[in-house]
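Okay, here's what each chain looks like letter by letter:
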Amino acid sequence: MAYTKGDVFVKKESTWGVGVDPTTPTTEIDEILGLDSEYEYGLENQITAVNPAAMAYPSEISYHTAKARGKIDFVYNGALPFALMLGGISNTDPLEEESPYTWTISPSGTPIPFTTSCLMKGTNNKMAQILGCYAKSLSFKMGLNEPVSGTLDIVGKDLDLNNPFTAPTTVEVDDAPSWKPHEFTYSIGAISGITYITDLEFTISRNIDVGHGLAGRSPSTSYSGKFEAVTGSITAYIPDSATASEIEQLVLGGTSTNETLASKDIVIDRGYADAEEDSLKITLSNCIFSDYSAVFPLDTKMSYKFSFSGISAQVLWEAPFAKTNW
C-alpha cells in the first residue's frame, strides 16, 4: 500500500542534536506546528569532481560534508512557528499559574533547537527524524477566501532513518481553529481601520547554518547567524483617490520624490486583549515601504501592490501551554 497520509511533529531539544521523541500519545499543540501540514525532508552531500589536467573528464567524484534539511507547509492555528523562528520567549502574568499564558515572542540571538519527527503512514510506515533543527525562514501569507498559511524552512545536524522513534498512538490537534484574515485588524503607522487590503505577506529569515570539521562529514557545531530584514508586500484595492494618495505617500514619504521616509509599524491583531486563549498581535517594527505598482484595468477593480522591509517582528500570544514546555 502506498503512503496515504502522515504526521509531522516538532519538539524542543535541551541539547543540540540530541533527538527528542514526540509524546505518546501526542495531544498537545506544542508538538504540532499547524494544521493541514505538507512536509519534506532531505539530505545534501557536498560533491566535487577530481579532474586531472591531462584529462578532459573527471577521474573520480569526491564526496564531502553532509547536512539535513526540511520544509513544512502549514495553516496557522497558533503562534508556535514564530517561537521556532524568532527564538526569544518571555512570559508575563499569570506566570505559569494556569493557561492561557501570555507569551512575548521576539528575536533572539540564540535560536531554539528542535527535533522534527516525520511519519508517513501505510502498511509499512516510514519514519524519519531530523535532529538538531534550526529554523532558517518563516513565511506568513494571508489573502481573500483562504486561511492564513506559512512555510517553515529548517536546517539540521543529522537525519535518522533507522527506526528513529516510536510513533504516537494518538494524535489530537488542539481545538484552536485555523486563522482567517477577516478575524484580524490591520494598521500601518497611524493608518488604522484598514478595510481595503486584499493580500498581506511577509517572511522572517536568518542566515543560520551548521559547521563541519575536517575529520567528519556530520556537522560538529552550529552558527546562529543574524536576522535579515523582514520583507513583505501588501496588495489593496483602491476605493477612492484619498486612499491612493495615502499609499503613494507611504512610499514617497510625502508628495514628491525628495521627501524623507519615515518608518512605520505594521500591526496585525487577532483580538489580543491579554485575556483570551489563542489570540495574538503581530508587530512588524520600523518598516520602510520601498516601492509600489498601481494597476488600472479597464473593466475590473484597480489595485496597488506595495513592498516593505522591516527591522524585526514581535508576537504577543495567549498560549495554551506553559513557556517551560518551550
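Everything numeric here is computed off the predicted structure, so don't read it as measured data. (Residues numbered from 1 in each chain as written. Predicted model: local features only at pLDDT ≥ 70, side-chain atom pairs only at ≥ 80, totals over all residues. Heavy atoms only, no water.)

A separate point is the overall build of the protein chain. Along the protein chain, the regular secondary structure elements total two helices and 18 strands. When the backbone C-alpha atoms are referred to their principal axes, the protein chain occupies close to 65 × 65 × 40 Å. Residues counted as buried form 45% of the 326 residues belonging to the protein chain. For the protein chain, restricting intrachain contacts to residue pairs at least 6 apart in sequence, the fraction spanning at least 24 positions comes to 70%. (Helix = DSSP H or I, 4+ residues; strand = E, 2+ residues; numbered from the N terminus. Buried < 20%, exposed > 50% of the residue type's maximum accessible area, 1.4 Å probe, protein only. Contact = heavy atoms within 4.5 Å.)

The subject of this paragraph is the packing of aromatic side chains. Overall, the coordinates contain 16 aromatic pairs when judged by the stated rule. Measuring from ring centre to ring centre gives 5.9 Å for tryptophan 179 and phenylalanine 184, while their planes differ by 65°; the resulting arrangement is edge-to-face. Assigned by exposure class, tryptophan 179 and phenylalanine 184 land together as buried. Measuring from ring centre to ring centre gives 5.4 Å for tyrosine 292 and tyrosine 304, while their planes differ by 5°; the resulting arrangement is stacked. With tyrosine 292 in strand S16 (residues 280–295) and tyrosine 304 in strand S17 (residues 303–310), the pair connects residues that are twelve residues apart, well separated along the chain. (Phe/Tyr/Trp six-rings, centres within 6.5 Å; stacked < 30°, edge-to-face > 60°.)

Attention now moves to the nonpolar core. In terms of nonpolar packing, the biggest core is built from 70 residues, with Phe82, Trp103, Phe140, Phe202, Ile268, Trp317 and Trp326 touching the most fellow members. Counting residues in each nonpolar core, the second largest holds five residues, with Trp16, Tyr134, Val155 and Val210 among its members. (Core = buried A, V, L, I, M, F, W, Y, C linked by side-chain atoms within 4.5 Å.)

Together, Ile47, Ile61 and Tyr63 make up a nonpolar patch on the protein surface, roughly 340 Å² of accessible area in all. Examined against the element boundaries, isoleucine 61 turns out to sit in strand S3 (residues 60–75). Judged by its relative accessible area of 55%, isoleucine 61 falls in the exposed class. (Patch = residues over 30% accessible without salt bridge, like charges linked within 9 Å, V, L, I, M, F, W, Y side chains within 5 Å. Areas by Shrake-Rupley, 256 points an atom, 1.4 Å probe, with all protein chains shown as cover. Salt bridge = Lys/Arg side-chain N within 4 Å of Asp/Glu carboxyl O.)

Attention now moves to the pairing of strand S7 (residues 126–143). On a regular strand, each side chain points to the face opposite its neighbour's, so the side chains alternate between the two faces of the sheet. With 15 of its 18 residues buried, S7 lies for the most part within the structure. In terms of strand pairing, strand S6 (residues 114–121) meets S7 through six bridges, oriented antiparallel. When the bridges of S7 are listed, threonine 116 appears paired with isoleucine 130. Counted between consecutive antiparallel strands, the loop separating S6 from S7 contains four residues. Pairing geometry for S7 and strand S9 (residues 158–160), over three bridges, is antiparallel. By the bridge assignment, leucine 131 is partnered in S9 with aspartate 158. Counted along the chain from S7 to the antiparallel partner strand S8 (residues 146–156), the turn is two residues long, and its residue asparagine 145 has a positive phi close to 65°. Of the pairings in the sheet, the one linking S7 to strand S11 (residues 197–205) comprises seven bridges and is antiparallel in character. Within S11, the position partnered with phenylalanine 140 by the bridge is phenylalanine 202. (Pairing = 2+ DSSP bridges.)

Following the criterion strictly, the structure yields seven salt bridges and no others. Linking lysine 11 and glutamate 31 is a salt bridge whose minimum nitrogen-to-oxygen distance equals 3.5 Å. Pair noted here: lysine 11 is in strand S1 (residues 5–12) and glutamate 31 is in the loop between S1 and strand S2 (35–50), with a separation of 20 residues, a long-range link. Residue classification places glutamate 31 among the buried residues on the basis of a relative accessible area of 3%. Each of Glu40, Glu44, Arg69 and Lys71 takes part in a single network of salt bridges with overlapping partners.

Time to look at the environment of histidine 182. Mapped onto the elements, histidine 182 comes out in the loop between S9 and strand S10 (185–188). Classification of histidine 182 by relative accessible area gives exposed; the value is 69%. Sequence separation of histidine 182 and threonine 169 is 13 residues, and the distance between their C-alpha atoms is 36 Å.

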